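Descriptive structure summary
So the chains spell out like this:
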Amino acid sequence: MHSNTRAGGYFLYHSIGIYPGKEDDLARAMADFAQVWAAPNDRQWGYVLRKRQDFLERWGRLINAPKGSLTATDNVTDAMHKIMRALPEGRLKGKRVLVAEDCFPSIHFLLAGLAPKMGFTLDTVSKRPGASWVETEDFIARWGRNVGLALLTWVTSTASSRMDYAALVAHGRDMGSLMVADITQGAGLLPFDVMAPKVDFAVTTSLKWMCGTPGAGILYADKALLPELQPEGRGWFSQNNPFSWDLDTFSYAPDARRFDSGTPGSVAAVASLPALDWFMTQDVAAIGARNRAMVDQIIAEADALDLPLLSPREAARRGGSVMLRMPDKAEAAAVVGALGVEGYSVDFRGDILRLSPGIVTEERAVGELFGLAGEIMARRRRRFAGGAGKAGGAAVLTTLTASLAGGGTRVVDLTAELGPDTPLLKLPEEIAKNTPQVQIHKISEYDQDGPFWAWNWLELGEHSGTHFDAPHHWLTGKDFADGFTDTLDVQRLVAPVNVIDCSAQSAADPDFLLTAEAVKAWEAEHGAINPGEWVVMRTDWDRRSHDAALFLNEDPDPFEDGSHSPGPSPDCIDYLLGRGIVGWGTQCIGTDAGMAGKFSPPYPAHNFLHRDNCFGLASLCNLDQLPPKGAILIAAPLKIKGGTGSPIRALALVPQD
């Protein structure tokens, strides 16, 4: 999460939820746990097991689960595994296990692996062509009497589509099938009762709307079924009396404790208990109603931006989230990153934007978010050079020609010398092959091999010396057809350049990071960074290039991977991509900071730039000769077939007073 993210702008659709005061409540709970656990006495286990039981009791109240029908698990996949391996031997042999294509993928992975071991056929009901979710009637149509077990995904994780749960449970009873309800995507937002309609099993997590922590999953089992269930992973806590240690008299506990095994991991339950206590005092229906109103507002805003809706439009048919299709995955990533810089937490998967207005989300933030998103998208549509039209082109070139001839424009060489002593990036040998040093081999020099001419042949890597990174250089840019040096749009290579001077900070701190806030401050002084422009970070690092060790500045600790050189922070690149830049450049060995492998995510310049079909420039020189704004940068790579980059002769056209 970006450091300036605010609670009111929280729209994240993943595993962490927030309620008012969560940080303080969680800190107190963990401090209490630490005090008890670190005390020099024997009171720890009584405290921890009591807290775990409180955790289960709160869950029981929230979903109306009878006492003794719940236990804790690591997650929903673990809970599902416990259920499957507890069924009587052969119960599912020769039967079908029915799931929907939009079930939680992790459970599908599990069931696909269990099918050959347990002798059942995994039957996955597909979405209709072009649809985003599986329809309830399609699921029922595939559900015959040979279905031994069905997984009912109450609310889907891929479209926030809400199934007709009551109809499915009723049909399952008619078919005589066992049913497992996955209530993860709706628990805490929508009221749920395991007894109405009654279901055989339910699995969920304390994350998402429940605002708990990882490792605090829940397994519910109908008490009427428990006597026939014999979990495979059993241990001393699977017994009614955990301290019965007679090796020949093991007996399962009569209740859901039979799903426990060894000493229970309880820290997650302790940490999640404050959120459950908070929920016990809330009106879940009111939380859901507020969420639905904000989702309706999101849908209206998305319609205004012509973003296709991938979730049900009708409130009664959806959970608490909404999925929107962006023009492409690069646009989704760039918009989400730029929104994060401004304090709005949103996430994406591929080209799908996912928003969940939560408990702390402010209603006014919906309009603010989409207003900003619209601005970002409009600015990015102007980012490709030449898109503004042809007006005045001849006059501009005439003026430039005259300025070059008359000395009004100076050409500045931004390129380092390329030769055997050129510093090259060093990667850990255990994970990567490094580029060999540049070699220059003579073919002839006015001698018997060529009496009237001199020429050489070269050995060098694409990313040697002052060089250009094409999108295909990085995994995130591998799918762009125009992401190679021979296919890229050359119109984009010549563009205005913004030079952000970080030389003083870099001299004081070799690990200096340029942040989004610093870029905004620079814009306030020098003017906005416009779509289709270059941005380069001046550090004067080129003054070290005479000494490879000084230039690379590798960490002396052999157990550390990385070097100490300045670069951009993740939110800096997020912000610049939101501004619609054509590319980013540095004076260091690469476009990222030396220690960027330890960032989250690692190597943001490479990762984000190339994901957005943007370019990178490294080992630039003489940026101290450029003004903050007003120069034109020319960065043309060799037209290497299928090239991922190229050494370049980078030039800048600088106006003279």
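The structure presented is a predicted model; accordingly, all values stated were derived computationally and were not measured.

The rules behind each value
Residues numbered from 1 in each chain as written. Predicted model: local features only at pLDDT ≥ 70, side-chain atom pairs only at ≥ 80, totals over all residues. Heavy atoms only, no water. Helix = DSSP H or I, 4+ residues; strand = E, 2+ residues; numbered from the N terminus. Buried < 20%, exposed > 50% of the residue type's maximum accessible area, 1.4 Å probe, protein only. Lys, Arg positive; Asp, Glu negative; His and termini not counted. Charge placed at Lys NZ, Arg CZ, Asp CG, Glu CD. Phe/Tyr/Trp six-rings, centres within 6.5 Å; stacked < 30°, edge-to-face > 60°. Axes fitted to C-alpha atoms, helices over the stretch in contact; angles between N-to-C directions. Parallel < 35°, antiparallel > 145°, perpendicular 65-115°, else oblique. Left-handed = near helix turned anticlockwise from the far one by under 90°. Contact = heavy atoms within 4.5 Å. Nonpolar A, V, L, I, M, F, W, Y, C, P; charged D, E, K, R; others polar. Pairing = 2+ DSSP bridges. 1 Å grid on protein atoms, 1.4 Å probe; cavity = no way out; pocket = protein on both sides within 12 Å on 5 of 7 lines; lining within 4 Å. Points joined across faces, edges and corners; volume = space filled by probe spheres on them. Core = buried A, V, L, I, M, F, W, Y, C linked by side-chain atoms within 4.5 Å. Expected span 1.5 Å × (residues − 1). Polar contact = N/O pair within 3.5 Å; in protein donor to acceptor, adjacent residues only side chain to side chain. Patch = residues over 30% accessible without salt bridge, like charges linked within 9 Å, V, L, I, M, F, W, Y side chains within 5 Å. Areas by Shrake-Rupley, 256 points an atom, 1.4 Å probe, with all protein chains shown as cover. Salt bridge = Lys/Arg side-chain N within 4 Å of Asp/Glu carboxyl O.

Let's shift gears to the overall build of the protein. When you go through the protein residue by residue, the secondary structure sums to 16 helices and 23 strands. Structurally, the protein occupies a C-alpha span of about 95 × 55 × 50 Å along its principal axes. For the protein, buried positions account for 52% of its 657 residues. In the protein, which carries 62 positive and 80 negative side-chain charges, the distance between the mean positions of the two groups comes to 8 Å.

Bringing the packing of aromatic side chains into the picture now. A complete count under the given rule lists 16 aromatic pairs for this structure. Relative to tryptophan 37, the ring of phenylalanine 33 lies with its centre 5.7 Å away and its plane at 15°, an arrangement referred to as stacked. With a gap of four residues between them, phenylalanine 33 and tryptophan 37 both fall in helix α1 (residues 22–37), about one helical turn apart. Taking relative accessible area as the criterion, tryptophan 37 reaches 40% and is therefore assigned partly exposed. Between the aromatic rings of tryptophan 154 and phenylalanine 192, the centroid separation amounts to 4.9 Å while the plane-to-plane angle is 55°, which identifies the pairing as tilted. Separated by 38 residues along the polypeptide, tryptophan 154 in the loop between β4 (147–153) and α6 (165–175) and phenylalanine 192 in the loop between β5 (178–182) and β6 (201–204) bring together distant segments of the chain. Each member of the pair, tryptophan 154 together with phenylalanine 192, is buried. Taken together, the ring pairs in this structure connect Trp236, Phe237, Phe243 and Trp245 into an aromatic cluster.

Let us look at unusual backbone geometry. Residue proline 197 follows alanine 196 across a cis peptide bond; omega there is -5°. Positionally, proline 197 belongs in the loop between β5 and β6. Here the bond from serine 600 into proline 601 is cis, since omega is 0°, no more than 30 degrees from zero. The phi dihedral of aspartate 306 is positive, around 60°, even though this residue is not glycine. Judged by its relative accessible area of 67%, aspartate 306 is exposed. The phi dihedral of serine 619 is positive, around 60°, even though this residue is not glycine.

Here we come to the packing of helix α15 (residues 570–579) against helix α16 (residues 604–611). Orientation of α15 relative to α16, taken along the N-to-C sense of each, is 20°, at an axis distance of 9 Å. Judged by the inter-axis angle, α15 sits roughly parallel to α16. In terms of crossing hand, the pair formed by α15 and α16 is right-handed. For the pair formed by α15 and α16, the contact residues are Pro570, Ile573, Asp574 and Leu577 on the first element and Pro604, Ala605, Phe608, Leu609 and Arg611 on the second. Classifying every residue of the contact of α15 with α16 by side-chain character gives seven nonpolar, no polar and two charged.

Strand order in the open sheet made by the seven strands is β1-β7-β6-β5-β4-β2-β3, with mixed pairing throughout. In this open sheet, the two edge strands, each paired with only one partner strand, are β1 (70–73) and β3 (121–125). Ignoring which end each strand starts from, the neighbouring axes of this sheet average 20° apart. Across four bridges, the pairing between β6 and strand β7 (residues 217–221) is antiparallel. For threonine 204, the partnering residue across the bridge sits in β7 and is isoleucine 218. Against the sheet, helix α2 (residues 44–63) engages β1, β6 and β7, with an angle of about 120° to β1. Packed onto the sheet, helix α4 (residues 105–118) meets β2 (96–100), β3, β4 and β5 and runs at close to 150° relative to β3.

Attention now goes to the pairing of strand β23 (residues 651–655). In the sheet, strand β11 (residues 409–413) pairs with β23 via five bridges, with the strands oriented antiparallel. What sits directly across from threonine 409, in β23, is proline 655. Where strand β21 (residues 631–634) meets β23, three bridges bridge the pair, whose relative direction is antiparallel. Its bridge partner being in β23, isoleucine 634 is matched across the sheet by leucine 651.

In this section: the environment of tryptophan 209. Positionally, tryptophan 209 belongs in the loop between β6 and β7. For tryptophan 209, a relative accessible area of 10% gives the class buried. Along the sequence, tryptophan 209 and alanine 285 sit 76 residues apart, while their C-alpha atoms lie 13 Å from each other.

What follows deals with empty space enclosed by the protein. Applying the stated rule across the entire model yields four cavities of 30 Å³ or more. When its volume is computed, the largest cavity comes out at roughly 130 Å³. Considering the residues around the largest cavity, the lining is formed by 13 residues, among which Leu12, Ile16, Gly17, Lys208 and Trp209 are closest to the centre. A per-class count over the lining of the largest cavity returns eight nonpolar, four polar and one charged. Lining the second largest cavity we find Tyr19, Lys22, Asp25, Leu26, Cys211, Gly212, Thr213, Ala271, Pro274 and Ala275.

Further remarks concern the nonpolar core. Judged by nonpolar contacts, the single largest core of 49 residues is most densely connected at Phe55, Trp59, Phe139, Trp143, Leu152 and Tyr165. If you list the elements that add at least two residues to this core, you get α2, β1, β2, β4, α6, β5, β7 and α7 (267–280). Of the residues forming this core, the biggest block, seven residues, is contributed by α7. Apart from residues no more than four positions distant in its own chain, phenylalanine 55 is found in contact with Ala72, Ser206, Ala216, Gly217, Ile218, Ala269, Ser272, Leu273 and Leu276. Of all hydrophobic cores here, the second largest spans 30 residues; its members include Val76, Ala79, Ala86 and Phe201.

This brings us to helix α9 (residues 329–341). Over its 13 residues, α9 runs 19 Å from end to end, which matches the ideal 18 Å to within 8%, given 1.5 Å per residue. The buried fraction of α9 amounts to twelve of the 13 residues, a majority that puts the element mostly inside the structure. Restricting attention to buried positions, one finds in α9 the residues Ala330, Glu331, Ala332, Ala333, Ala334, Val335, Val336, Gly337, Ala338, Leu339, Gly340 and Val341. Those residues of α9 hidden inside the fold are in contact with β9 (347–349), β10 (352–355), α10 (364–381), α13 (516–526), α15 and α16. One side-chain oxygen of the residue at the start of α9 lies 3.1 Å from the amide nitrogen of alanine 330, identifying that residue as aspartate 328.

A cluster of nonpolar side chains, Ile443, Phe452, Trp453, Trp455 and Trp457, forms an exposed patch at the surface whose accessible area comes to about 620 Å². Broken down by element, the nonpolar patch gets its largest block of residues, four residues, from strand β13 (residues 450–459). The residue phenylalanine 452 is located in strand β13 in this model. Judged by relative accessible area, which is 73%, phenylalanine 452 ranks as exposed.

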